[in-house]
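Observations on chain architecture
Here is how the chains run, residue by residue.
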Amino acid sequence: MGALHEGHLSLINYAKPLTDITVCSIFVNPTQFNDPKDLEKYPRPIENDIALLESVGCDILFMPTVEEMYPENDPEWHIDLGNLDQIWEGEHRPGHFQGVTQIVFKLFDLVKPNQACFGQKDFQQVMVIQRMIDIKKLDIKLLICPIIRSEEGLALSSRNARLSEEGKENALTLITALRFIKDNLEQKSVAELLDGAKEILASNPAVELEYLSICETSTLAPVDNIETGKDYVALIAAWVEKVRLIDNILLSR
């Protein structure tokens with residue numbers, strides 16, 4: 001949705017060796033926002049975005065208007081995402097993933113890509129898009145690209161621009177809590193891991209936790225036990241300086 005940073009550019013760099021033509025879309029999608037004020041505040045530094053895309057050799061920028069993507073006669077959209085749009089981000093942002101799938105399906109239909117690169121940072125979104133690809137039987141391979149972090153460990157996000165330097169420092173508590181879970185995976189139970197991570201978060205009054213969970217990767221259902229040989233993800237959402245931040249870390253024993 002624009003306000004590009006190194007995390008976005010890493011998707012282009014990931015895609016280029018694997019593709020003949022790399023297409024990037026920039027579209028601040030109104031159906032993904034629950035709060036009109038959040039939509040209004042969303043940064044749109046388009047000249048800078050174009051310069052960044054040119055610097056990494058993106059072949060095509062598709063930058064449609066709202067009117068182009070949502071014409072007056074647009075049919076109503078709903079896709080059965082099962083529990084994926086009811087939990088975590090789905091619970092806290094009702095309708096968000098219907099907006100995501102609607103616009104991504106339109107983009108896929110226009111571009112007809114063989115492969116699509118999405119960032120691990122929005123892990124639930126990646127699982128939602130994979131479900132949509134499966135339901136619509138699209139011949140597209142979904143590639144999950146690693147989270148890009150600052151030197152200190154903060155997951156890069158367009159929303160970070162709304163944080164002060166002190167806010168960015170406080171936001172590091174999220175990755176500290178996630179790394180506690182990963183580092184203690186072999187020694188502690190799921191309950192102990194979550195309790196320890198929540199203690200870390202509670203120790204910083206500038207961080208307001210929204211949710212923290214250890215989940216199975218594809219369904220994002222919370223788990224009570226970590227089994228050897230299976231993949232899991234720890235998901236977190238929290239508020240710092242009235243900015244909502246999300247992060248995650250992949251886990252396996």
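Residues numbered from 1 in each chain as written. Predicted model: local features only at pLDDT ≥ 70, side-chain atom pairs only at ≥ 80, totals over all residues. Heavy atoms only, no water.

**Focus on the overall build of the chain**
Helix and strand counts for the chain come out as 9 helices and 7 strands. Relative to the 2.2 N^0.38 estimate, which gives 18 Å for 253 residues, the radius of gyration of the chain is 18 Å and therefore close to what a compact globule would have. Across its three principal axes, the chain shows a C-alpha extent of roughly 50 × 40 × 35 Å. Here the chain holds 253 residues, and the buried ones make up 48% of them. By sequence separation, contacts in the chain at least 24 residues apart represent 69% of the contacts at least 6 residues apart. Accessible surface, the chain as shown: approximately 13,400 Å² in total, 50% of it carbon and sulfur. Where the 24 positive side-chain charges of the chain centre and where its 40 negative ones centre are 2 Å apart. (Helix = DSSP H or I, 4+ residues; strand = E, 2+ residues; numbered from the N terminus. Rg over C-alpha atoms; globule rule 2.2 N^0.38 Å. Buried < 20%, exposed > 50% of the residue type's maximum accessible area, 1.4 Å probe, protein only. Contact = heavy atoms within 4.5 Å. Areas by Shrake-Rupley, 256 points an atom, 1.4 Å probe, with all protein chains shown as cover. Lys, Arg positive; Asp, Glu negative; His and termini not counted. Charge placed at Lys NZ, Arg CZ, Asp CG, Glu CD.)

**Describing the packing of helix α8 (residues 165-183) against helix α9 (residues 190-202)**
Axis angle and axis distance: for two packed helices, these are the angle between their axes and the distance between the axes, and together they describe the pair. The geometry of α8 relative to α9 is characterised by a closest axis approach of 9 Å and an angle of 160 degrees between their N-to-C directions. With respect to each other, α8 and α9 are oriented roughly antiparallel. For α8 against α9, the interelement crossing comes out right-handed. Across the interface between the two elements, T173, L174, T176, A177, F180 and I181 of α8 pack against E192, L193, L194, G196, A197, I200 and L201 of α9. Within the contact of α8 with α9, the residues separate by chemical class into 9 nonpolar, 3 polar and 1 charged. (Axes fitted to C-alpha atoms, helices over the stretch in contact; angles between N-to-C directions. Parallel < 35°, antiparallel > 145°, perpendicular 65-115°, else oblique. Left-handed = near helix turned anticlockwise from the far one by under 90°. Nonpolar A, V, L, I, M, F, W, Y, C, P; charged D, E, K, R; others polar.)

**Let's talk about the UniProt feature "binding site: beta-alanine" (unreviewed entry) in the chain**
Residues annotated in UniProt with the feature "binding site: beta-alanine" (unreviewed entry) correspond here to Q32. On the secondary structure map, Q32 appears in the loop between β1 (23-25) and α2 (36-41). Exposure remark for Q32: the relative accessible area of 9% places this residue in the buried category. The residues contacting Q32, other than those within four sequence positions of it, are M1, R93, H96, G99, V100 and I103. (UniProt positions renumbered as here; feature names shortened; annotations may be inferred.)

**Description of the packing of aromatic side chains**
Per the stated rule, a full pass over the model turns up 5 aromatic pairs. On the basis of an interplanar angle of 35 degrees and a centroid distance of 5.4 Å, the ring pair of W77 and F105 is categorised as tilted. Pair noted here: W77 is in the loop between α4 (66-69) and α5 (89-92) and F105 is in helix α6 (residues 96-111), with a separation of 28 residues, a long-range link. (Phe/Tyr/Trp six-rings, centres within 6.5 Å; stacked < 30°, edge-to-face > 60°.)

**Digging into the pairing of strand β6 (residues 231-240)**
Within β6, 8 of the 10 residues are buried, which leaves it mostly tucked inside the rest of the structure. Two strands pair when backbone bridges link them, and strand β5 (residues 207-216) and β6 are joined in this way by 9 bridges, in the antiparallel orientation. Counterpart to S213 in the pairing with β6 is L235. Of the strand pairs in this sheet, β6 and strand β7 (residues 243-252) are connected by 10 bridges, and their pairing is antiparallel. Bridge pairing links A234 to I249 in β7. Hairpin connection from β6 to β7: 2 residues lie between these consecutive antiparallel strands, with E241 at a positive phi of about 55 degrees. (Pairing = 2+ DSSP bridges.)

**Some words on the pattern of salt bridges**
Tallied over the entire structure, the rule returns 12 salt bridges. The partner of D38 in a salt bridge is R159, and the shortest N-O contact between them spans 3.3 Å. In this pair, D38 is assigned in helix α2 and R159 in the loop between β4 (141-145) and α8, connecting sequence segments 121 residues apart. Among the salt bridges present, the one from E210 reaches R244, with a minimum N-O distance of 2.5 Å. Here R244 lies in strand β7 and E210 lies in strand β5, a separation of 34 residues in the sequence. Bridged by salt links that share partners, the residues E89, R93, E210 and R244 form one connected network. (Salt bridge = Lys/Arg side-chain N within 4 Å of Asp/Glu carboxyl O.)

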